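So the chains spell out like this:
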Amino acid sequence: MIWCRETARRPPAGGFTLLELLVVIAILGFALTLIAGYKAPWSSGAALKATAAELASGLRLARSQAILDNRSVALALDLQRRSWRIGDGQPHPLPARLSIELLTIAGERATERQGDIRFNPDGSSSGGRISIAEDGRQIAIGIDWLTGRVQVADAH
């Protein structure tokens, strides 16, 4: 067999040119700028539901503690400071964008902007309702005085 220089071509060397690398780096930099600058929009529906679920969970926890410890336990709602807490526990903040109202018996109201929902050792409660609203949407958290049952419902 005769070997000829023109028929025995070597494949081109692997790798990328400098121009190709610069284009890829520029595209990655642009994509990173878009991703890093992205901020999720405020979702009022999601915040409203999350706050209602958190409060309902806190109310159920207070009821469970009252039954377990065989003593009265209160969930204190402070609309002035926009927070709630169970007994002497840590305060939990409430979103500033939401409108919150508390309806409970007069004996559980400390001030116009502060009040408690109290749970008794037998599971009953002082009863009441917490209304959370934003942009025309409203969610009501109802607490039955006889059973202490906590219900969350859309209020229109």
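Residues numbered from 1 in each chain as written. Predicted model: local features only at pLDDT ≥ 70, side-chain atom pairs only at ≥ 80, totals over all residues. Heavy atoms only, no water.

Structural notes on the pattern of salt bridges
Argument step 1. Evaluation of the coordinates by the stated rule reveals 5 salt bridges.
Argument step 2. In this structure, Arg71 and Asp69 form a salt bridge, with 3.5 Å as the shortest nitrogen-oxygen distance.
Argument step 3. In this structure, Glu108 and Arg118 form a salt bridge, with 3.2 Å as the shortest nitrogen-oxygen distance. Here Arg118 lies in strand S6 (residues 114-119) and Glu108 lies in the loop between strand S4 (99-103) and strand S5 (109-111), a separation of 10 residues in the sequence.
Argument step 4. The class of Arg118 is partly exposed, set by a relative accessible area of 28%.
Argument step 5. Connected through shared salt-bridge partners, Glu108, Asp116 and Arg118 make up one network. (Salt bridge = Lys/Arg side-chain N within 4 Å of Asp/Glu carboxyl O. Helix = DSSP H or I, 4+ residues; strand = E, 2+ residues; numbered from the N terminus. Buried < 20%, exposed > 50% of the residue type's maximum accessible area, 1.4 Å probe, protein only.)

So, the sheet that holds strand S8 (residues 137-143)
Argument step 1. Here 4 strands make up an open sheet; going across it, the order is S4-S7-S8-S9 and the pairing antiparallel. Whereas interior strands pair on both sides, the edge strands pair on one side only; in this sheet they are S4 and strand S9 (150-155). Neighbour to neighbour, the strand axes of the sheet diverge by 15° on average, direction disregarded.
Argument step 2. In this structure, S4 lies alongside strand S7 (residues 128-134), joined through 5 bridges in antiparallel fashion. In the sheet register, Leu103 faces S7, and the bridge partner there is Arg129. (Pairing = 2+ DSSP bridges. Axes fitted to C-alpha atoms, helices over the stretch in contact; angles between N-to-C directions.)

Here's the deal with the environment of Pro121
Argument step 1. Its location among the elements puts Pro121 in the loop between S6 and S7.
Argument step 2. Residue Pro121 is classed as partly exposed on the basis of its relative accessible area, which comes to 29%.
Argument step 3. Taking the C-alpha atoms as reference, Pro121 lies 7.5 Å from Asp69; in sequence the two are 52 residues apart.
Argument step 4. Discounting residues that sit within four places of it in the chain, Pro121 has contacts with Ala66, Ile67, Asn70, Arg71 and Ser72. (Contact = heavy atoms within 4.5 Å.)

So, to be careful, I would describe these as geometric facts and stop short of saying anything about function.
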